[in-house]
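The residues making up each chain are set out below.
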Amino acid sequence: MSKHIAVIVGSLREGSDNRKLAQTLAGLAPEGMEFTFVGTGALPLYNPDFDENPPEEWTAFRNALSRADAVLFVTPEYNRSVPASLKNAIDVGSRPYGESVWDGKPTAIATGSPSGIGGFGANHHLRQSLVFLNAAPMQQPEAYIGRLAELFDDSGNLTNADTKAFLSNFMASFDAWIDKLS
Ligand code: FNR
């Protein structure tokens, strides 16, 4: 049976290198994993005052996540944390209290950056929120992808064979992680 994976890209930028990384990861995944990219840019900022009558964008986002068997996060680091739009999406998905879409959800995190540190700070801030929310972030392998933009050719294709092998293994591990938790 197919696994339905929601993909959340932390960058809203049209030419995002992290989006290219997410598309590459989806392309390298084992057979049976199906991917739906779920946007976060149109989500109104989370405000508990709207819990009783939520904006339709919140409801659509929560429904998309509820339907998914697992979630793949691919994000840049902004100021040593996650971009605000991604944190907002985490908050929107976590409420109303007791109805969090993250509860028990297998997740994997890949961070990408032009710097050599590879988004370590964002990766671990996101991991902290997911652990608190009782989502299940895959522990190993970790994916901190440095010098991200240099990995893609003009058509957005990943050229480095070692990175391709690493990312393939990351997705095979995620597939096994989902199996283990289901
Ligand atoms: C950045 N960038 C960045 N990079 C990093 O490695 N650590 C950081 O803390 C930050 N902080 C930061 C803050 C803000 C507001 C911006 C706009 C950028 C650089 C960032 O990694 C770079 O722009 C990436 O290319 C963004 O990813 P996308 O949009 O290409 O996916």
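Residues numbered from 1 in each chain as written. Predicted model: local features only at pLDDT ≥ 70, side-chain atom pairs only at ≥ 80, totals over all residues.

1. Some points on unusual backbone geometry
Definition in use: Where helices and strands are cited, they refer to DSSP runs of H or I of at least four residues and of E of at least two residues respectively, numbered from the N terminus. Note on burial: count the other C-beta atoms lying within 10 Å of the residue's C-beta; 20 or more is buried, 12 or fewer is exposed, in between is partly exposed, and C-beta positions come from the backbone.
Following Arg95, the chain continues into Pro96 via a peptide bond in cis, with omega recorded as 0 degrees. For Pro96, the location among the structural elements is in the loop between helix H3 (84–94) and strand E4 (106–112). Residue Pro141 is bonded to the preceding Gln140 through a cis peptide linkage, with omega at -5 degrees. Within the fold, Pro141 resides in the loop between strand E5 (136–137) and strand E6 (143–145). For Arg147, which is not a glycine, the phi torsion comes out positive at approximately 50 degrees. On the basis of neighbour count, Arg147 is assigned to the partly exposed category, with 14 C-beta atoms found within 10 Å.

2. Examining the packing of helix H1 (residues 17–28) against helix H5 (residues 161–181)
Our working rule: All axes are obtained by fitting lines to C-alpha atoms, using only the stretch in contact for helices, and the reported angles, taken between N-to-C directions, cover 0 to 180 degrees. Every angle not falling under 35 degrees, over 145, or within 65 to 115 is termed oblique; those three ranges are roughly parallel, roughly antiparallel and roughly perpendicular. By definition, any crossing whose near helix is turned counterclockwise from its far helix by less than a right angle is left-handed, and any crossing with a clockwise turn is right-handed. Throughout, a pair of residues is in contact if the C-beta atoms placed from their backbones lie within 7 Å. Nonpolar residues are Ala, Val, Leu, Ile, Met, Phe, Trp, Tyr, Cys and Pro. Charged residues are Asp, Glu, Lys and Arg, and all others, Gly as well, are polar.
Contact geometry for H1 and H5: axes closest at 9 Å, N-to-C directions at 70 degrees. Relative to H5, H1 is oriented roughly perpendicular. The interaxial crossing formed by H1 with H5 has right-handed handedness. Here H1 contributes Thr24, Leu25 and Leu28 to the contact with H5, which in turn contributes Lys164, Leu167, Ser168 and Met171. Considered class by class, the residues forming the contact of H1 with H5 number four nonpolar, two polar and one charged.

3. Let's talk about the pairing of strand E3 (residues 70–75)
To be explicit about the condition: By definition, two strands form a pair when at least two bridges between them are found by DSSP. By convention a crossover is right-handed if, when the strands point away from the viewer, the path from the first strand over the helix to the second runs clockwise.
Burial within E3 is extensive, with six of its six residues counted as buried. The side-chain alternation of E3 yields two buried faces, one formed by Ala70, Leu72 and Val74 and the other by Val71, Phe73 and Thr75. Relative to E3, strand E1 (residues 3–9) is paired through five bridges, and the arrangement is parallel. Opposite Ile8, over in E3, you have Phe73 as the bridge partner. Note that E3 and E4 share five bridges and pair parallel. Note on E4: the bridge partner recorded for Val74 is Ala110. Of the crossover connections in this fold, the one passing from E3 over H3 to the parallel E4 is right-handed.

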